[in-house]
Every structure is written in C-alpha cells, then in structure tokens.
Amino acid sequence: MNIRPLAASGKSQPPSSTLRTEKKLDSSQVETAKARASWGKSFENKSVSFNEIRGNGTSSNSRATPNRQPTTPSVPTPKGPPTPIVKESPARTTQSPQKGQQKTFVQDALDVNNEGEEDDDGQLGEGRLRLPPWQVDLLDIYIKTNGDNWKEQSGWPTSSSLKPTNNVEIFGVTRPYNRPNEVVSIDLSWNNLNGDFNNIEGFWNIQTLEVLHLGANRLTGLIPGYELRRLVLLKDLHLYRNGLNGNIPAEIGQLKLLSSLWLFENHLSGKLPDSLGGLTSLTDLRCNSNRLSGPIPSALAQCVNLKTLNLQKNNFTGNVNEDVLMNCIRLRDLRLWSNKLTGALTPEIESLRFLEVLLLHQNQISWVIPPSLGKCEHLVKLDLSKNKLRGELPKTFGSLQKLESLNVSNNPRINGKIPREFQQLRSLAFIDVSCTALTELEEFANAMRGGKTASQKTVEVVIEGFSVADASMTE
C-alpha cells in the first residue's frame, strides 16, 4: 500500500500526523466518469437514484452513512517518532444481481456510490447518476412502461447499453434543433407500453410537451388530472385503446391550447365534465366506446371550433343538445349512435351547414324528421335507423345532392311514399327503408334504377332485408 503524509498547513508539521491511503479508481468508476462527461456541460445536471425511479420510497436527500473502520488514537512514547494512524477507505457496497437475473442498464450505470454528491475523494456517490432533467423523465417513462418489451426502442436506453442521448435520435421523441434540451412531442402509439398511467411522473414533468400520443397500448389506471394540468402547452392528447378507467378529470379543461382529444375505447365512466367547454381551440373530440353517462353537456356549445364530435357507444341520456347544434356550426362529423338519447331531433340541426356525417342510429329519438335537415347540403352519410321516428320522409331531402348513404330502417312508424324528390339524388348509392311503414317501395326502386345513366352507379335499395337493385340478401 502506498502511504503518503498529508500536506502540512503552516510552517511546521504537527507532532501527531494523520496518514490516509491513496485510492485508485477501478474500471467501472472510470467508465462512469467518462459517461458523465459525454453528456456535456451545457445541460443543467439533475441527480437521480435508481430507487427513486423505481418508486420504492427512497428519498433523494437521504445520505447513507459509510461504514468506516474505527481509528485508533496514537499513543506517544517517550522515545522515538510518533506512531502514524492509517485512515482506511470507506467500504463500497455495490449491489450485484442475483444469479440468473440480468443486470439492467440502470444498475450498470449506478455501480459507483450511494450518494449523488461527491465524496471526499471527488468520486460520485453510489446508486445515483447525474442526468439532464429531460433524460431523467425519459428514463422514468422507459422503466415504468416496461421499456425492454417495447416494439421499437431505438435511441432509448436499453438493458444492454447506456448511450448518451444528447445528439442521438430517439424513437417517438421530437426535440427542436435550436432547443435540444426541450422535448415537444412524444409519440409512442402502438408500441406495447405497459404500466400504471397514474404513476408515470416522467410524462407530467416534461412541461414543454405539445403532443402526447400514447394510443393503442396497455396503459391502465386513472388519468391524473392534477398532474395533467401542468402540460399547459399541450395541443394533442391521444390516449385511445388502452385500459384507462375512472372519470375524465375536470382539469383537462385547463389545457387551453388543446385541439385534439382522443379517449375512445377505454373503460372511462361518469359524466363529461363541463370544463370541456373551456377548450375553445378544440377541433376533434372522440370519447366513443366507453361507459360515459348523463346528458351531453351544454358546455360543449362553447367549443365553437369543433369539427368532429364522436360520443357513440356510451350511455348518454336526454335530448340531442340543441345548444350544441346551434353553436358548433363548424361540425363536419357528428356521431352519437348507440346511446340512450330521447326526445325530438330539433330544427336547429339546420345550423350545421358543413355537416358531412350524421349517425344517430340505435337510440330512442322520437317524433318526425325535421325538414330543416335538408339544408345540410354537404351530407354524405345519414343514419337514423333503430329509433322511434314517425311521419313521412321530408321532401327537402331532394336537396342533398352529395348524399351517398341513407338509412331510416327499423322505424316502424315512418309511413307514406318516398317523395319523388329522392329521384334527384344523383350521388345516392345506398338506401335502407326496411322495417318501416313506407309504401310503393318497389316502384321507387325501379324508378331509381331506371333514372340512372350508364355512367352512374346503381342505387342499392334495401326493402325488408332484400336489396331490390341486385336482388341479393343484405346483412
């Protein structure tokens, strides 16, 4: 062992000197020091522990007391020089994986010391690693969503390598060229992410996010409203086709820049929060195929820029909200089918002059079809089947020159003849009038078929389950 005396302070050395060992860095400490340097000094360093990321409750401020060997005081003798005291190094306690377990990339990186601060010898603490904040957040996301099992993980740290990510392209992550330390977009849709969404702090810490696409994965748990409201720059939030449950948090209404919200095909329940009315930039809202209930809130009428509203396959009750019909005049796609909606379809529907798709089937909507619906001249697809509608079909439907598909089947109280004006619908390709009280259907089918020129497509007219145009059974 190489022993050297401590540097003397002052002009003379004290009679009782203390000596310590001169320590050499092992290979793992050298590699870790090189890795730290490669991340660059341009980023603000942040200390993070493996235990903190794993969420086992270890505090980042806790300092482990090193096991130091007791020192023996020098005993001066009347003759000869004083006996020096040797100060031993602190014992290093690195945790090695058990037999049969693969060492993760985090454990590889953290095999130095337990503390992020430097020890007396200038070395990093064990169990801690210095990373820029955005890398810490990505690391949290990777670990808590079972990153080793993702379909695509290029650029992300893996269990076999720890690569500097300052200048590396990371799959699904967008950072502006002039702001490399800011993550503005994360798109990990269809990538086999698995974990409790409420427990992944990395998403909520990246407050520069504008796009967060996590659809078609296996995320579970609640949508954390309190944390979500921190993403004040968010424009796109896509969480569709996961296993999320609970209510839609009211805090989503605080994301004033949000333009696209896709929550469909989860297990969400409760009512649509009125706070959604504060999303005046919202253009696309899709909450279909959940377990939502209650009335369609009038607050949605404040979302005047809505172009797509899809609430199909839920348990909504009450009327088709007339406030929404009157104010959301930019709507192009309105899908409310397979709910429990009642009441009449009000004349305010005429306000939706740009509407292209209107699907209201499988509800309990009653009364007559409003003639004002014929003013929605951009309609391409209209489905009012399986309701409780009554009366005659409006003659104004003859103005729907872009209409390709019309279904009014399974409304037993719709009666009378199909108006002659329907023969003017040159774009019409499909009409289903089965299970109604309409009369002279075969004459109408023949008229529609005969009115077409060779260059125009044949109209399929469904009567009592049969297609008159080609005499084939339809499903």
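All of these numbers come straight from a predicted model, not from anything done at the bench.

Considerations on empty space enclosed by the protein
Summed over the entire model, instances satisfying the criterion amount to two cavities of 30 Å³ or more. Here the second largest cavity defines a volume of roughly 40 Å³.

A word on the pairing of strand 12 (residues 243-246)
On a regular strand, one side chain projects to one face of the sheet and the next to the other, so that they alternate. Where strand 10 (residues 218-221) and strand 12 come together, two bridges link them in parallel fashion. Looking at the pairing, Gly221 lines up with Leu244 of strand 12. Sheet analysis places strand 12 next to strand 14 (residues 267-270), joined by two bridges and oriented parallel. Residue pairing for strand 14: Gly246 is matched across the bridge by Leu268.

Here's the deal with the sheet that holds strand 24 (residues 388-391)
One open sheet accounts for four strands, arranged 22-24-26-28; its pairing is parallel. Every other strand in the sheet has two partners, leaving strand 22 (366-368) and strand 28 (437-439) as the edge strands with one partner each. Looking at each pair of strands side by side, their axes are set apart by 20° on average, direction ignored. Note: strand 24 against strand 26 (residues 413-417), two bridges, orientation parallel. Residue Arg390 lies in a different strand from strand 26, and its bridge partner there is Arg413.

Concerning the pattern of salt bridges
Following the criterion strictly, the structure yields nine salt bridges and no others. Among the charged side chains, a network of salt bridges with common partners joins Asp140, Lys144 and Glu201.

Let's talk about the environment of Arg353
Within the element layout of this structure, Arg353 appears in the loop between strand 20 (340-341) and strand 21 (357-359). In this structure Arg353 comes out as partly exposed when scored by relative accessible area, which is 42%. Between the C-alpha atoms of Arg353 and Glu377, which are 24 residues apart in sequence, the distance is 6.6 Å. Side-chain polar atoms of Arg353 contact the backbone oxygen of Glu350, separated by 2.8 Å.

Description of the packing of aromatic side chains
For any pair of aromatic rings, geometry is given as the distance between the ring centres together with the angle between the planes. In this structure the tally under the stated criterion is 10 aromatic pairs. Put simply, the rings of Tyr142, Trp150 and Trp156 pair up and form one aromatic cluster.

Side note on the nonpolar core
Counting 92 residues, the largest nonpolar core has Ile186 and Leu373 as the members making the most contacts within it. Beyond its immediate stretch of four places on either side in the chain, Leu373 contacts Ile349, Leu358, Leu379, Leu382, Leu384, Phe397 and Leu400.

Observations regarding the confidence of the model for the chain
Reading predicted coordinates in detail is not appropriate for stretches of low pLDDT. Averaged over all residues, the pLDDT of the chain equals 78, while 67% of them reach at least 70. Scored below 50 in pLDDT, residues 54-75 makes 26 contacts in the model with residues more than four places away or belonging to other chains. Below pLDDT 50 for its whole length, residues 83-127 participates in 117 contacts with residues either more than four positions away or in separate chains.

Topic: the sheet that holds strand 14
Taken together, seven strands build an open sheet; the order of strands is 8-10-12-14-16-18-20 and the sheet is parallel. One side of each edge strand has no neighbouring strand; the edge strands of this open sheet are strand 8 (194-196) and strand 20. Looking at chain direction, strand 16 (residues 291-295) and strand 18 (residues 315-318) are connected through three bridges and run parallel. Bridging from a neighbouring strand, Gly294 pairs with Phe316 of strand 18.

Rules and cut-offs
- Residues numbered from 1 in each chain as written.
- Predicted model: local features only at pLDDT ≥ 70, side-chain atom pairs only at ≥ 80, totals over all residues.
- Heavy atoms only, no water.
- 1 Å grid on protein atoms, 1.4 Å probe; cavity = no way out; pocket = protein on both sides within 12 Å on 5 of 7 lines; lining within 4 Å.
- Points joined across faces, edges and corners; volume = space filled by probe spheres on them.
- Pairing = 2+ DSSP bridges.
- Helix = DSSP H or I, 4+ residues; strand = E, 2+ residues; numbered from the N terminus.
- Axes fitted to C-alpha atoms, helices over the stretch in contact; angles between N-to-C directions.
- Salt bridge = Lys/Arg side-chain N within 4 Å of Asp/Glu carboxyl O.
- Buried < 20%, exposed > 50% of the residue type's maximum accessible area, 1.4 Å probe, protein only.
- Polar contact = N/O pair within 3.5 Å; in protein donor to acceptor, adjacent residues only side chain to side chain.
- Phe/Tyr/Trp six-rings, centres within 6.5 Å; stacked < 30°, edge-to-face > 60°.
- Core = buried A, V, L, I, M, F, W, Y, C linked by side-chain atoms within 4.5 Å.
- Contact = heavy atoms within 4.5 Å.
- pLDDT = per-residue confidence, 0-100.

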